[in-house]
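Chain by chain, the residues run as shown.
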Amino acid sequence: MTGYRPLVFAHRGGADALPEHTLGAYLRALDEGADGLECDVRLTRDGHLVCVHDSRLDRTSNGRGRVSSKTLAELDALNFGSWHPGYPADAELPDLSRLLTLERLLDAVHSSGRRVRLLIETKHPSRYGAEVERRLVRMLRHHGLAEPKPDADVQVTVMSFAALALRRIRAQAPTLPTVYLLELVPPGVGRGRLPFGAQTAGPGVDLVRARPTLLPAIKAAGHQAYVWTVNEPADLELVLEHRVDGVITDRPRFVLEHLAGM
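Rules behind the numbers
Residues numbered from 1 in each chain as written. Predicted model: local features only at pLDDT ≥ 70, side-chain atom pairs only at ≥ 80, totals over all residues. Heavy atoms only, no water. Helix = DSSP H or I, 4+ residues; strand = E, 2+ residues; numbered from the N terminus. Contact = heavy atoms within 4.5 Å. Phe/Tyr/Trp six-rings, centres within 6.5 Å; stacked < 30°, edge-to-face > 60°. UniProt positions renumbered as here; feature names shortened; annotations may be inferred. Salt bridge = Lys/Arg side-chain N within 4 Å of Asp/Glu carboxyl O. Buried < 20%, exposed > 50% of the residue type's maximum accessible area, 1.4 Å probe, protein only. Axes fitted to C-alpha atoms, helices over the stretch in contact; angles between N-to-C directions. Parallel < 35°, antiparallel > 145°, perpendicular 65-115°, else oblique. Left-handed = near helix turned anticlockwise from the far one by under 90°. Nonpolar A, V, L, I, M, F, W, Y, C, P; charged D, E, K, R; others polar.

The name given to the chain in an unreviewed UniProt entry is Glycerophosphoryl diester phosphodiesterase, and the organism recorded there is Actinoplanes lobatus.

Below, the structure is given as structure tokens:
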């Protein structure tokens, strides 16, 4: 594997060590040397893009109900970190408990002083449908990120399990890179064919293990492959054998240390 080194992306900021989708988790991942960050985005009732994976609040906050039914102010009043074992007891740490908006994450990435690749997953189904992608492209344009520049410090890629979402991105921002996320293998994809609007395949590591011909077919078709969520040594060895282009992991430090020892 001489000369081979995949990109390492901190999944939800590196959710193993610190509460997922918090600014503190993302800043830690950058300090550890991750090449990039991965986040999920949803729309609030009043039209803000926030970094939350689940459609409901119950698992990762002290709130209840759907993210999409709450305003930004209502969400900002919740604690998004105290559920996690990595959250210090009896502490007031906004960077580990406050709701993270995509706007704040983009500001932090811009201010990091280093090159960062940001993977943004739009979550579907959503009651707001195409408005999720419209708001996202509008925000990326505001930050000068909707048209990638090779020398820019911040590079954005949009991901989704929904092929329609990627088509919407292609229509609104034709040069923005996209990843088609896979939990199952739709017709044609097993032969390496991706839907219109997608340039990179994003299979889950369980799918890679269950379908050993998938990654070779994707690579043979000329596509890149980013695999999620690679946390265990055996899974890391598997994807490295396939020479994947990106490793998305809750444990960026573990992956980086392994790569450094190769």
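(A) Highlighting the environment of Leu119. Here Leu119 lies in strand S4 (residues 116–122). For the pair Leu119 and Thr71, spaced 48 residues apart in the sequence, the C-alpha separation amounts to 25 Å. Setting aside its immediate chain neighbours within four residues, Leu119 contacts Phe9, Leu37, Glu38, Cys39, Thr157, Met159, Tyr226 and Ile248.

(B) Main features of the packing of aromatic side chains. Applying the stated criterion across every chain yields a total of two aromatic pairs. Between Phe9 and Tyr226, the aromatic rings sit 5.2 Å apart at their centres with planes inclined by 40 degrees, giving tilted as the arrangement. You can see Phe9 sitting in strand S1 (residues 7–11) and its partner Tyr226 sitting in strand S8 (residues 224–227), a full 217 residues away along the chain. Ring plane angle 85 degrees and centroid distance 5.7 Å describe the contact between Phe161 and Trp228, whose orientation is recorded as edge-to-face.

(C) Expanded view of the UniProt feature "domain: GP-PDE" (unreviewed entry) in the chain. Per the UniProt annotation, the sites labelled "domain: GP-PDE" (unreviewed entry) are residues 6–259. Here residues 6–259 is 31% helix and 18% strand, with 9 Å between the C-alpha atoms at its ends.

(D) Just the pattern of salt bridges, in detail. A full pass over the atoms with the stated rule returns 16 salt bridges. Between Asp54 and Arg59 there is a salt bridge, with the nearest N and O atoms lying 2.7 Å from each other. On the basis of relative accessibility, which here comes to 17%, the residue Asp54 falls in the buried class. On the basis of relative accessible area, Arg59 is assigned to the partly exposed category, the value being 36%. Asp58 is the partner of Arg64 in a salt bridge, and the nearest nitrogen-oxygen pair spans 3.1 Å.

(E) Up close: the packing of helix H4 (residues 102–110) against helix H5 (residues 131–142). Direction vectors running N to C along H4 and H5 enclose 30 degrees, while the axes themselves pass 11 Å from each other. Overall, the two elements H4 and H5 adopt an arrangement that is roughly parallel. In this structure, H4 meets H5 at a crossing whose hand is right-handed. Contacts between H4 and H5 pair Leu102, Glu103 and Leu106 from the former with Leu136, Met139, Leu140 and His142 from the latter. Residue composition of the contact of H4 with H5, grouped by class: five nonpolar, one polar and one charged.

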